[in-house]
Amino acid sequence: MKGRIALVLIAAALMVFAGYAALYVAPDEKTMHAIQRIFYFHVPSAICSFVAFFVVFIANFAYLGTRQPKWDWLGVAGAEVGVVCSTIVLITGPIWAHPVWGIWWTWDARLTSTFVMWLLYTAYLLLRGFLDDPQRKAMFSAVFGIFAFLDVPLVYFSNRLWRTQHPQPVILGGSNSGLDPVMGKVLLISFVAVLCITAVLITDRYRLERLRSEFDELRFRAESREAERASKILHAAREARVE
Amino acid sequence: MTQRSAISFVAEQIALGEPRANSQPSECGPAGNSIGIALESVEKRFGSLVALRNISLKIRGGEFVALLGANGAGKTTLLRMAAQLMKPTTGNVALTGTTSKSEDVRRFVGFVGHSTFLYEEMSAEENLHLFAQLYGLSDAKARAAEALTACGLSSRAGSLVRTFSRGMRQRLAIARALLHDPRLLLLDEPAAGLDRQGLAWFGTTLERLRAEGCTIVMSTHARNESLDLATRAVSLAAGRIERDSSTEGNPTKMLAELRSAQGGEA
Amino acid sequence: MTTSRAAAILLAKELRLEFRTRELLTTTVIFALVVVVLFSFAFEPTAAESRRYGPGLLWIAFLFAGSLMLNPSFAREQSNETLDALRMAPIAPFAILLGKMLANFVFLAVAEAILVPVFAVLYNVSFSGVAGRLILVLGLGTLGLVITGTVFSAISAHARMRELLLPLLLLPILTPLLIASVEATASLLAEQPELDRTWVAFLAGFDIVFLTASWLMCDYLLEE
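To start, this report covers the structure provided alongside it. All values derive from a computational prediction rather than experimental measurement.

Counting its regular elements, chain A contains six helices and zero strands. Sequence-ordered secondary structure for chain A, helices as α and strands as β, is α-α-α-α-α-α. A compact globule built from 243 residues should have a C-alpha radius of gyration of about 18 Å, whereas chain A, at 24 Å, is more than 25% larger. Viewed in the frame of its principal axes, chain A has a C-alpha envelope of about 95 × 45 × 30 Å. Going through the 243 residues of chain A one by one, you find that 36% of them count as buried. Pairs at least 24 apart in sequence give 82% of the contacts found in chain A among residues at least 6 apart.

A count of helical and extended segments in chain B gives seven helices and nine strands. Buried residues in chain B amount to 46% of all 266 residues.

What follows concerns the sheet that holds strand β6 (residues 184–188) of chain B. Residues and elements named next belong to chain B. Spatial ordering of the open sheet is given by β5-β6-β7-β3-β8-β9, a layout of six strands whose pairing is mixed. Here the strands that pair on one side only, and so sit at the sheet edges, are β5 (109–112) and β9 (240–244). Neighbour-to-neighbour, the strand axes of this sheet turn through a mean angle of 20 degrees, independent of strand direction. Where helix α5 (residues 166–178) meets the sheet, it contacts β5 and β6, and its direction lies at approximately 170 degrees from that of β5.

Moving on: the interface of chain B and chain A. The interface is formed by five residues belonging to chain B together with nine residues belonging to chain A. Taken together, the residues that form the side of chain B that touches chain A break down as three nonpolar, two polar and no charged.

Moving on, we get to the sheet that holds strand β4 (residues 90–96) of chain B. Residues and elements named next belong to chain B. With antiparallel pairing, three strands are arranged side by side in an open sheet as β2-β1-β4. In this open sheet, the two strands that pair with only one neighbour each are β2 (49–59) and β4. Across the sheet, the axes of successive neighbouring strands diverge by a mean angle of 20 degrees, strand direction being ignored. As paired strands, strand β1 (residues 36–46) and β2 are joined by seven bridges and run antiparallel to one another.

Looking now at the interface of chain C and chain B. Listed as interface residues are 28 residues of chain C and, on the opposing side, 34 residues of chain B. For the side of chain C that touches chain B, the secondary structure elements donating two or more residues are α1 (3–21) and α5 (82–88) of chain C. With 13 residues, α1 of chain C is the single largest residue contributor to the side of chain C that touches chain B.

Take helix α5 (residues 134–165) of chain A next. With 32 residues, α5 of chain A should reach 46 Å at 1.5 Å per residue; the first-to-last C-alpha distance of 46 Å fits that figure. The sharpest bend along α5 of chain A comes to roughly 30 degrees, located at D151 of chain A, with the proline P153 of chain A sitting one to four residues further on.

Residues and elements named next belong to chain A. Contact geometry of helix α2 (residues 39–66) with α5 gives a least axis separation of 9 Å together with a crossing angle of 130 degrees. Here α2 is positioned oblique relative to α5, judged by the angle of their axes. Where α2 crosses over α5, the two elements pack in a sense that is left-handed. Of the residues in α5, those in contact with F53, V56, F57, N60, F61, Y63 and L64 of α2 are A138, A142, G145, I146 and F149. Per-class residue counts for the contact of α2 with α5 are ten nonpolar, two polar and no charged.

Before going further, it helps to spend a moment on the environment of R22 of chain C. Tracing the backbone through its elements, the reader meets R22 of chain C in the loop between α1 and α2 (23–40). Separated by 46 residues in sequence, R22 of chain C and L68 of chain C place their C-alpha atoms 15 Å apart.

Our next topic: the nonpolar core. In this structure, V143 of chain A together with L172 and L186 of chain B are the most contacted members of the largest nonpolar core, which totals 209 residues. Per element, the largest residue contribution to this core is 14 residues, and it comes from helix α6 (residues 93–122) of chain C. With sequence-adjacent residues up to four places away left out, L172 of chain B is seen in contact with L118, A124, N127, C151, L153, V161 and F164 of chain B.

Let us look at the environment of Y135 of chain B. Mapped onto the elements of the fold, Y135 of chain B is located in the loop between α3 (124–134) and α4 (140–150). In this structure Y135 of chain B comes out as buried when scored by C-beta crowding, with 26 C-beta atoms within 10 Å. Residues Y135 of chain B and F108 of chain B lie 27 residues apart in sequence; the distance between their C-alpha atoms is 9.3 Å. Once you skip the residues sitting within four places of it in the chain, Y135 of chain B turns out to touch R107, L179 and H180 of chain B together with A89 and P90 of chain C.

About the cut-offs
- Residues numbered from 1 in each chain as written.
- Chains lettered and ligands numbered in written order.
- Predicted model: local features only at pLDDT ≥ 70, side-chain atom pairs only at ≥ 80, totals over all residues.
- Helix = DSSP H or I, 4+ residues; strand = E, 2+ residues; numbered from the N terminus.
- Rg over C-alpha atoms; globule rule 2.2 N^0.38 Å.
- Buried ≥ 20, exposed ≤ 12 C-beta atoms within 10 Å, placed from the backbone.
- Contact = placed C-beta atoms within 7 Å.
- Pairing = 2+ DSSP bridges.
- Axes fitted to C-alpha atoms, helices over the stretch in contact; angles between N-to-C directions.
- Nonpolar A, V, L, I, M, F, W, Y, C, P; charged D, E, K, R; others polar.
- Expected span 1.5 Å × (residues − 1).
- Bend = angle between axes of the 7 residues up to and from the residue.
- Parallel < 35°, antiparallel > 145°, perpendicular 65-115°, else oblique.
- Left-handed = near helix turned anticlockwise from the far one by under 90°.
- Core = buried A, V, L, I, M, F, W, Y, C linked by C-beta atoms within 7 Å.

Next up, the structure:
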């Protein structure tokens, strides 16, 4: 409990600091000016979505190996947070692109891959919604999750290959070109901040899933104790009748 | 006469052409070995529903066990686990007495369940032929024809299962389970839906298998003549073993008690 | 019994069942034809445009038709729990999956064999001279579709909204396959037709990755 509060406070503090740094400390970009600052949250969100999806992959693998429900809880936590991070990337991308290049969207390798990844993990969450039996839900979402994770590099490479043949304007040229050292430091700070928030969210969501499962367990145990008591009474009555 | 496309014909020829490792021609599986079932502290849960609680049971080879209990007591779950269709949540289910580790134990298990396990859009003959092939029987077509004659359905061999009556379907389902001469027969209310002719055939078949040393576990909750053949009775209630005739002082007496109790409830 | 022999027996069973009723095949072909015709309203099928958009259109038609056709694969086994009967037989679980993958491949291949000539006629596209290479590309692409699709149909068979769920799961996974197949087909229709080795290698890689994944995870897919 205490640990969690501490983590939340640290994450919040880091976020505030990162926000301040992104808005005031980082130097102004010469062509894009203020709007470029969105980069300090766009890029870390992208990286954190990968981290979250990697957590999902590990959780899926572990579930298939051990069948322990806690890995399923971690899987769903990671997937939900990952989808949120990807959504942020997909929203901040166009917000950034439009004032600068006049276009909302481009099908470059990175954005397209992010979109497909978003679709894959949304499908993962929807799949869970449509499966009723808890064991099957955990099992099948683990299998699908592994397939989805194997697909992500394939998606990226096929898009890269395709775009070298049919080039499109690249929005995030920033990470290849040289970065001003102050910008680099601010990016690092905001990356750590976003990573902390991601960790807090995943832990909280995991905890929520664990509590849900414990609640179901307790409720069921109470109900079955009632049922057993009732059947014992019935059985005793039957015995009495027989004798 | 069934229609076969060129492709399916070629595929079948490929399937038939490979060398087979298969059963000896004995009546009931490999000579001398009978199969038992050992359940140790088995628990099975479906989400929050507990179907079986802490079940420990040893069934020796050659026994004929009548599995009794009300609906929902866990009989079907227990049988399906013995049939290797599902694994326990905790605990262990093992089939004992099989010949060697390399042989697939499923080869010796026959199961009659609530569903017929038959393809409706295939004929009776095609269904049995398919399973004869899957169980690695050397003369699949001949064995299928034999089985059809034995259960009295050879006149309808070429008809689609879709056109069969309930009694005929159940007969075919039982024939399918017996096709590969199983050493362990698991029956979940096998008499349900059988007509008079079918019941007679089923009764004589059970007697024959019993004499050959097949292990039989049959769950039924209606008064059934086949129960007379049982050597042991186990009754389940709410996922636990309530009574087991082998552990009580007078097994014959308990058996009779249970049977008449069942008869009263039915 | 070896896995391949068991798969062959099951393939024969699937083919027999399907060729008796032919419902799946006819609906798949008609649906793909409908998609092909609809697309003609989206652009003017001149020779240049057809060569440009044609491969994309063709593969989208196959993807949609395929993802609809894959559902019955495992759903059919639910009526009398025949899947359990197959699981009880002394065969490897992968044989069951493989048998269905092969059957789905045959069905989709038949649909494509009908559709490609029809497409060539409707859009004035000529495939002469590249027929062999086209079959290779079609084969590899269809294989990828069928491998992943069969696995997901095993999953969606147990879910609600299965008809909608299967395309939802399948199509995002198949985007790399779509890109690769379309590009490979397009390079066969170019002014100087040639087989794009990179994309063909990519397709082969895709197929191998997912076939291996299916083989490793098939026990989890089929257990109760």
